[in-house]
Amino acid sequence: MKKTILVIDDSPFASQQIKDVVEEHGYEVIDYARNGEEGIEKYKEIHPDFVILDIIMPGIGGLETAEILLKEDPKAKIMMLSSLCDSGTLEEVKSIGLKYLIPKPLDEDVLLATLELLKKNG
Amino acid sequence: MIRTKVVNVFQAFDGAFILLTESLSSIILEHCLDDKDTIQDYKMFVIRTKGIFESYIQIAIEDHLLGGIVNAISKGKKLDETERILYIMEYLNIVCGRALSEINNQVGKSSRLTVPQYIRDVTYEEPFLDGEQENLFFDSEYGKMNVSITYHYDSER
């Protein structure tokens, strides 16, 4: 059975890129959300195996969305995504209990390798 | 203390725009003479940064260049006007995010980027802008792009 992914990103470009890469490698993007609030509602409905979550979005940002998702489900497997990939931003991601931040523009190998790490380590 | 002297804002943005535009769309941006008046038929976008590095970034992209970038990153997908705007805003998010990441690493503290904003009224001017300014003027086979960065360091943060 394919592992399912919820993509939370306001960019249709990024969402399409993610879909194109992951669905060639045995994953299924089962839904999209264009902002954090919508993402939280969809997570509760569909309980995906993984969440790929953008940091910079309108409304509540990605970090706050991730905190809410983790409160809702401490075992949620979330990978953050951002055009901002400096060490300070990585520290912010770690400070909320997450391990993975991948940069935009997306690199196919980095995305797939990080999904594998998320699968193994959570 | 903020190491502002080592932060080359011009270089951070210039490098990001040139390198990422080429890698995302294969379009080469070249520096051209700084003449704001020659840009025509363009769309305007604004991004802000907040934190120690506070800035207002205004980007004017000629429509043909915008189309060239969007066509490349969408791999020729047919898009309506709203989608085109969303695609170019993501391009600007990626490029400005790269520039800001470099600045954040140099400053030693992270500033944040806002979601890009499409400004329909091209005569709009942001009020109360204060600080230093860098201007980038690019030309390409598709058209021109002007980038204006007004910034200051908020050392209280």
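Definitions and cut-offs
- Residues numbered from 1 in each chain as written.
- Chains lettered and ligands numbered in written order.
- Predicted model: local features only at pLDDT ≥ 70, side-chain atom pairs only at ≥ 80, totals over all residues.
- Heavy atoms only, no water.
- Pairing = 2+ DSSP bridges.
- Helix = DSSP H or I, 4+ residues; strand = E, 2+ residues; numbered from the N terminus.
- Axes fitted to C-alpha atoms, helices over the stretch in contact; angles between N-to-C directions.
- Contact = heavy atoms within 4.5 Å.
- Buried < 20%, exposed > 50% of the residue type's maximum accessible area, 1.4 Å probe, protein only.
- Polar contact = N/O pair within 3.5 Å; in protein donor to acceptor, adjacent residues only side chain to side chain.

Caption draft 1: Here's a closer look at the sheet that holds strand S4 (residues 78-82) of chain A. Residue and element names in this part refer to chain A. The strand order across the open sheet built from 5 strands is S2-S1-S3-S4-S5, with neighbouring strands paired in parallel fashion. Where the open sheet ends on each side, the last strands, each with one partner, are strand S2 (27-33) and strand S5 (101-103). If you compare each strand with its neighbour and ignore which way they point, the axes differ by 25° on average. Pairing analysis gives 4 bridges linking strand S3 (residues 50-54) to S4, with the strands arranged parallel. Directly across from Val51, in S4, lies its bridge partner Ile78. In the packing of helix H2 (residues 36-46) onto the sheet, the strands contacted are strand S1 (3-8), S2 and S3, and the crossing angle to S2 comes to about 135°.

Caption draft 2: Here's a closer look at the side chain of Glu54 of chain B. Residue and element names in this part refer to chain B. Within the fold, Glu54 resides in strand S3 (residues 53-62). A relative accessible area of 17% means that Glu54 is categorised as buried. Side-chain polar atoms of Glu54 contact the backbone nitrogen of Gly51, separated by 3.3 Å.

Read these as geometric descriptors, not functional statements.
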